[in-house]
Amino acid sequence: MTSGEQGPTDGGAGELDAQVTGWTAPGTAPLVGEVTLLLADDIHRAWSQADEEAPPFWAFAWAGGQALARHVLDHPDVVRGRRVLDLATGSGIVAIAAARAGALHVVASDSDARARIAAIRNARLNGVSLDVVGDLVTEDAADVALDVDVVLAGDVFYEQPMARLVLDFLDEAVGAGIDVLVGDPGREYLPRKRVTPLATYDVPGTADLEGRAVTPTTVHRLT
C-alpha cells in the first residue's frame, strides 16, 4: 500500500497542502512521543486561519486519539497482522500507531481534505504507509469500510449528529464481527451502556483543547 489520498485532486490541492505545512510544524504529542506529527501551536490562531465552522481537528493531537494510539503501541496484538480502519483520522496519529505496531494494512478515513493531506504528510514523517481515503460514514462505501478486522475511532462522540452517524457505522462493524475500539475522554455522546473500558490514560498538555492540564481518557471496546 502507499501513503496517498484516493480520489480526485484539483487545483486547490496545492493550496491546501501549503496551508497544512504553513500552519504547523513537526512535533510530538505528549503521550505518544514515538510519533512525529505536523502540529499547530495555537488552536485559536489555526482555527482563524482555517476560516471554517469546525476547528482544524487535524492540526492537534486530541486526547482520545492520543490514548488510542498509546494503547495500540503498548498492545500491538490489537492490530498486528490485521487490517485496520482508523475512522475520522484527523492528524493520522492512531493510523500511524497501528502501522508501527505491525498492522497488515491501514486505511485512514476523514471527510476533511486538509486532514487527509496531514495524514499523508505525517505518515511519511514516520516512515509508514497508509491508504488515506475520504468519508466512509456518510458515503455509500460499506464494502471498503467493512473489509477490515479492526476499527479504531478516537474522539468521535463530541457532537450529536456526528455521534449518531458514527455509532450507526460502528454498529454495522460490530455486527459484522469486527473489533471496534474507541478512545474517549468522557464526551457527552459516548454510548456508555455499549462500551467496555480497557484502559485509562492521563493525557497531559491538554489545557488549550480540553480546558484542563491533564485529561483522563479511556480506551473502550464497543459491543
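What counts, and at which threshold
Residues numbered from 1 in each chain as written. Predicted model: local features only at pLDDT ≥ 70, side-chain atom pairs only at ≥ 80, totals over all residues. Heavy atoms only, no water. Helix = DSSP H or I, 4+ residues; strand = E, 2+ residues; numbered from the N terminus. Polar contact = N/O pair within 3.5 Å; in protein donor to acceptor, adjacent residues only side chain to side chain. Contact = heavy atoms within 4.5 Å. Salt bridge = Lys/Arg side-chain N within 4 Å of Asp/Glu carboxyl O. Buried < 20%, exposed > 50% of the residue type's maximum accessible area, 1.4 Å probe, protein only. Core = buried A, V, L, I, M, F, W, Y, C linked by side-chain atoms within 4.5 Å.

### Here we look at the side chain of N122
Along the polypeptide, N122 turns up in helix 5 (residues 113-125). A distance of 2.8 Å separates the side chain of N122 from the backbone nitrogen of L38, its partner in a polar contact. The contacts of N122, once residues within four sequence positions are left out, are T36, L37, L38, S91 and I96.

### Notes on the pattern of salt bridges
Scanning the entire structure with this criterion turns up nine salt bridges. The shortest N-O distance in the salt bridge between R83 and D149 comes to 3.0 Å. Of the two residues, R83 sits in strand 4 (residues 83-87) while D149 sits in the loop between helix 6 (142-145) and strand 7 (150-154), which places them 66 residues apart along the sequence. For R83, a relative accessible area of 27% puts it in the partly exposed group. Overall, D149 belongs to the partly exposed group, its relative accessible area being 24%. Each of E34, R70 and D74 takes part in a single network of salt bridges with overlapping partners.

### So, the nonpolar core
Counting 40 residues, the largest nonpolar core has V79, V84, I93, A98, V106, L130 and L152 as the members making the most contacts within it. Elements with a contribution of two residues or more to this core: strand 3 (32-39), helix 3 (63-74), helix 4 (93-100), strand 5 (105-109), helix 5, strand 7 and strand 9 (195-204). Among the elements that make up this core, the one with the highest residue count is helix 4 (seven residues). Excluding anything up to four places from it in sequence, V84 contacts V79, A98, A103, H105, V106, V107, V148, V150 and L152. With 22 residues, the next largest nonpolar core counts V148, A163, V166 and L190 among its residues.

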